Every structure is written in structure tokens, then in C-alpha cells.
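Report on the structure
These are the residues of each chain, in order.
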Amino acid sequence: MHNGATNYIDGVWREAVDGKTFTSLDPSDRQHVLGNYARSDTKDVTLAVEAAHRAYRLWRTTPAPARGAIITRMGEILAANKEDLAHQMSREMGKVLVEARGDVQEAIDMARYIGAFGRMPDGYTVASERPDVECFARRVPVGVVAMITPWNFPVAIPAWKMFPALVTGNTVVLKPSEEAPGVAVSFVQMLAEAGVPAGVVNLVTGMGAEVGADLVEAPLVSVVSFTGSTATGQTIMERCASLGRRVSCEMGGKNAIIVLDDADLDLAVKGAIWSAFGTTGQRCTAASRLIVHRDVCSKFTDQFLRAVQSLVVGSPIHDGVDIGPVINERQLAGIHEYVVRAVSAGATLLYGGNRLRGPEYSSGCFYEPTVLGAVTTDMEIAQMEVFGPITVIMEASNFEHAIDIANSTEYGLSLSVYTRSTARTFRAIEYLDAGLIYVNLPTSGAEIHLPFGGTRKTGNGHREAGLHAADYCTEWKACYVNYSESSTLVRAQIDV
Ligand code: NAD
């Protein structure tokens, strides 16, 4: 599938109907063209959705254990290709190799977990209030699931969405980010190798505002599953509301670590470094706020800044590099503008704040790890998701104040607290408003067998992964069977 034949429709690799392509560039070396990909539009979406709709009839009647076996095989194929896929990912979207391996591992874990769902209970029985009536409820697929995914977890996120959808009998059209199309192509190739029949998984590459928007509108789509920014998710939710279409959205975050006065500061610093700068701060769970009790703020800040100074920025495929590039020039410029505005609003630049320009950085999108102090909740930098290697230190006067600061944004994805107190641990769990709560752990590090997602502007009430991973793409069907062989009508709720 070279030279733009990167759409996978009904089991065939093909170019966009109009033959248009777009180019993917390496973020650590923008001179390096990684490939040309189909720039799809409505015509390609129509073909893909129709193929998925046709395949649905057969796939939904394929026994669930057989569907699960294909997903388990996909896990084996991912494991066998982990290193190659991780390298492709590092090049394409810039996360360091060790993290790219983790991204693939998440998909492997998900395949192993969800593969087994094919043999798990998919409903329950209850007693009827009528004699000789059997009642049961079972989970059924919804049809064609449209998946629109971001670039920052280009294997894990399609896996979180796709495996639960497939094991429950849905078919899929995937629209990956235009910033990471190559990894999506590899992922879909592996699904075909695992035995996913033609039409069950389809791929259309291209631009969000073009093929992404078209996919949301496609008449035969039953549910849209989106992960990406809150702004895009908002647009998609509005369209889906007017179409009367189900939609599940996982969106932005403004996550925080609270460091209390009884915390293990060494551990807190390590957790803060990983949370703030892992994936160059481009994780939905990145800790872009460090809320520190005033009694330990100066000590924590000194220790944290020393650790930041030792971070190595560079090509993500080189050993010893901690921070790779930012995804593109536009994002890099946006990050810098946030820093400039924060300083003019009164924040103190404690470290970084510049684009890196040495010879090894000259053709890539590299930004210094950056730390701002004296930040308060009313500042833009304390409220907006920056999505880059930037974090801020905010001082809290006590436990309650720290909780209030943590909850003071519109987002509710991941919040963490470092403390040795059992009482504060459970109070924090109670009062922090987010889908993921960590104690003495970084804000990133979700495991695939727990629910993943956020409250308020991070989500619209759904969760991915965990036991309820297939909720977003299934319906409940309640069934009542009269086996009395009697001609007497017995009605529920009606007195006799
Ligand atoms: P983005 O919103 O720019 O793009 C996400 C996807 O939507 C891409 O495939 C894009 O092509 C598509 N898209 C863009 N405009 C569209 C439109 N009008 N209609 C339909 N599709 C459209 O986000 P991104 O930059 O790829 O990813 C970063 C964002 O994703 C961050 O905000 C991050 O927090 C969020 N994210 C959230 C989670 C989570 O689980 N909550 C996980 C990872 C990333």
C-alpha cells in the first residue's frame, strides 16, 4: 500500500477515489518525508461505511468465541511486531522508544483481555413475575462504529476502541489522525493478518475537517467514538446531537499532582517528572499543574528543577533521550505563545521557555522542558490544556485549598495526590473530581482492565477499557419467553 493506497476498504488496499494524497513528516526532522497517504473525502467514506454495513450481517452472527480468537491472535501478532511498530511510532509522532513500546504493549494487553470476552457472560437472567416465562437480558452490537482517533497514542487508542467493538459483533471504520497515519496502516494490516474478514475493519486516512467530518455524517454509522481535543469533540457532539446519533467522546485534560506537606518528596519529584514530561507533555493525562503545600513548596521546587535540568531532549529513537519533539510547528508555536502570555500575566519562568535550536534540533520541533511558578487559578496557563512539555507550580495553603485548586478547571481526567496520611488519601479520593485518581503515583499509568475516561469537559459520560469497555458500542436487549403452552393470557403488572 504505497504511494497513497492507504485506505483499506472491504479487504482491499486502495487510493482515495480522487487520487489525492497528503504527506507525513517526521517531527524530529521535518525534511524527512515518511510517506504519502490517501487524502480521503465523502466518496471514500461512503465506500468504507457501506462495506462495514454489508459485513455487519455476517460478523454479528459469527460466534463471539470465534471473534475473540481473532482478537487474541491480533495480540500475538502485535507482540511479534512490537519492536518494529514502536520504531515506526517513534519516527512518526515523536514519543521516545521506551514509551512507544509501552503504547504497543497497551494494545497487546487489551487484545489478551478483550479476546477472552468472547467466552464471558454477555447478559443475565432474572425470574419473571409470570409463571412459565423466562426473562433474560443480553448485550447486542449496534452496527457500524466510526472511530476518530488522535496521534498521541496511535496504537493503544484504536485498540481500546476496536477490540471491544469487534468482540461484541460490530464492524468498524477507522479515521486515524493525519499526524500518525502510517502506524494505523500497520495496525490494520495486522488485523487482516489476524483473520478479520473483509469489510469488518475499514480504514480511511486523511484530514479531520474533511474525512473525519464526513464520517461523522455518514448515514449508515450507528455510533461515533472520538478521542481528541475538547474543541473537536464539541463539534462532533453537536453534529451527532442534530443527527440523533450516539457518540462517545474522550477529550482533553488539565491534570494535576498535589504534593502535601507529609509527602515523600523524592517520590513526588519522580512522579511529577514522568507525568509532566512523558510523551513531551503530549498525553491527555499529562500533569500540567503541580499543586504543592506551601510548607514544602520551596524544597519541592528546588528538587524538581534539579531533576528537570537533567532531562535530555532529542531524537526519540536514540537511547538516553527523555523528551522527543513536539508533534508539529503549529503546536510548537502555540506552546511558546502560552508561555509568553503566562509570563506577561505574572507567572515566573523557573526553567526553559525556548525552542531548542542547536545543530541536532535545527530541523525538528524541539522545545525545552519548561516550568512556571507563581501561577494562580485565574491565569490562562492554569486552565487551558497546553499539550507540550510545560508544567506550572501552584502553592496551596492546606489540604482543602489543594483540592479546590485541583478541581478548579473545566476538565476531569487524572488527578494525583502524594501523601502518607490514610485520612487524606481517602478524602482526596472522595473530593477530587476526575475519572482517574492516583495516590503516590503519577497521573499517567492507567491499566487496561480498569475504566478509562474523564468527567466534565473531558468526556460525555462514557468510559473505555475495563469491564465496561463495550458499553459504548452495544445495546441491551431484554427478552421474555412464554413456554407455558397455555392459551391463557397472563399480563405483567395487571391485577387479575
Ligand atoms: P484533534 O482533536 O486535533 O484530532 C483528533 C482526531 O479528530 C484526528 O483524527 C483529527 O483528524 C480528527 N478531527 C479533527 N477535526 C475534525 C472534525 N471537524 N470532524 C471530525 N474529526 C476531526 O486532537 P489531537 O491533536 O489529535 O490529539 C490531542 C488531543 O487529544 C488532546 O486534547 C488530548 O488531551 C486528547 N486526548 C484525549 C484522550 C482521552 O482519552 N481523554 C486520549 C488521548 C488524547
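For the structure itself, consult the block above.
Residues numbered from 1 in each chain as written. Predicted model: local features only at pLDDT ≥ 70, side-chain atom pairs only at ≥ 80, totals over all residues. Heavy atoms only, no water.

**Description of the packing of helix H3 (residues 82–93) against helix H6 (residues 181–194)**
The condition that has to hold: Only C-alpha atoms enter the line fits that serve as axes; for helices the fit covers just the stretch in contact. Angles between N-to-C directions range over 0 to 180 degrees. Secondary structure elements follow DSSP: runs of H or I of four or more residues count as helices, runs of E of two or more count as strands, with numbering from the N terminus. Any angle from 65 to 115 degrees is called roughly perpendicular, while one under 35 is roughly parallel, one over 145 is roughly antiparallel, and all others are oblique. Any two residues whose heavy atoms approach within 4.5 Å at even a single point are treated as in contact. Amino acids are sorted into nonpolar (Ala, Val, Leu, Ile, Met, Phe, Trp, Tyr, Cys and Pro), charged (Asp, Glu, Lys and Arg) and polar (every other residue, Gly among them).
Remark: H3 packs on H6, axes separated minimally by 8 Å, with the N-to-C direction vectors making an angle of 160°. With respect to H6, the axis of H3 lies roughly antiparallel. Contacts from Leu85, Gln88, Met89 and Glu92 of H3 reach H6 at Pro181, Gly182, Val183, Ser186 and Met190. For the contact of H3 with H6, the class distribution of residues is five nonpolar, three polar and one charged.

**Some points on unusual backbone geometry**
Selection criterion: Note on classification: 1.4 Å probe, protein chains only; a residue is buried when its accessible area is under 20% of the maximum for its type, exposed when over 50%, partly exposed between these limits.
For Ala374, which is not a glycine, the phi torsion comes out positive at approximately 55°. For Ala374, the position within the fold is in the loop between strand S15 (370–373) and strand S16 (390–396). Although it is not a glycine, Ala465 sits at a positive phi angle of roughly 65°. Turning to its location among the elements, Ala465 is positioned in the loop between strand S20 (455–456) and strand S21 (474–482). Look at Ala465 and you get buried, because its relative accessible area is 3%.

**Some points on the packing of helix H2 (residues 64–80) against helix H5 (residues 156–167)**
Packing of H2 against H5 brings their axes to within 8 Å, and their N-to-C directions diverge by 150°. Judged by the angle between their axes, H2 and H5 are roughly antiparallel. Residues Ala64, Arg67, Gly68, Ile71, Met74 and Leu78 of H2 touch H5, and the partners they reach there are Phe163, Leu166 and Val167. When the residues that make up the contact of H2 with H5 are grouped by side-chain class, the tally is seven nonpolar, one polar and one charged.

**A word on the sheet that holds strand S5 (residues 123–127)**
Just so we agree on the cut-off: Here, strands pair whenever DSSP counts at least two bridges between them.
What the three strands build is an open sheet, ordered S5-S6-S21; its pairing is antiparallel. Here the strands that pair on one side only, and so sit at the sheet edges, are S5 and S21. Each neighbouring strand pair of the sheet contributes to a mean axis angle of 20°, computed without reference to strand direction. Relative to strand S6 (residues 133–141), S5 runs antiparallel, the two being bridged by five bridges. Directly across from Val126, in S6, lies its bridge partner Cys135.

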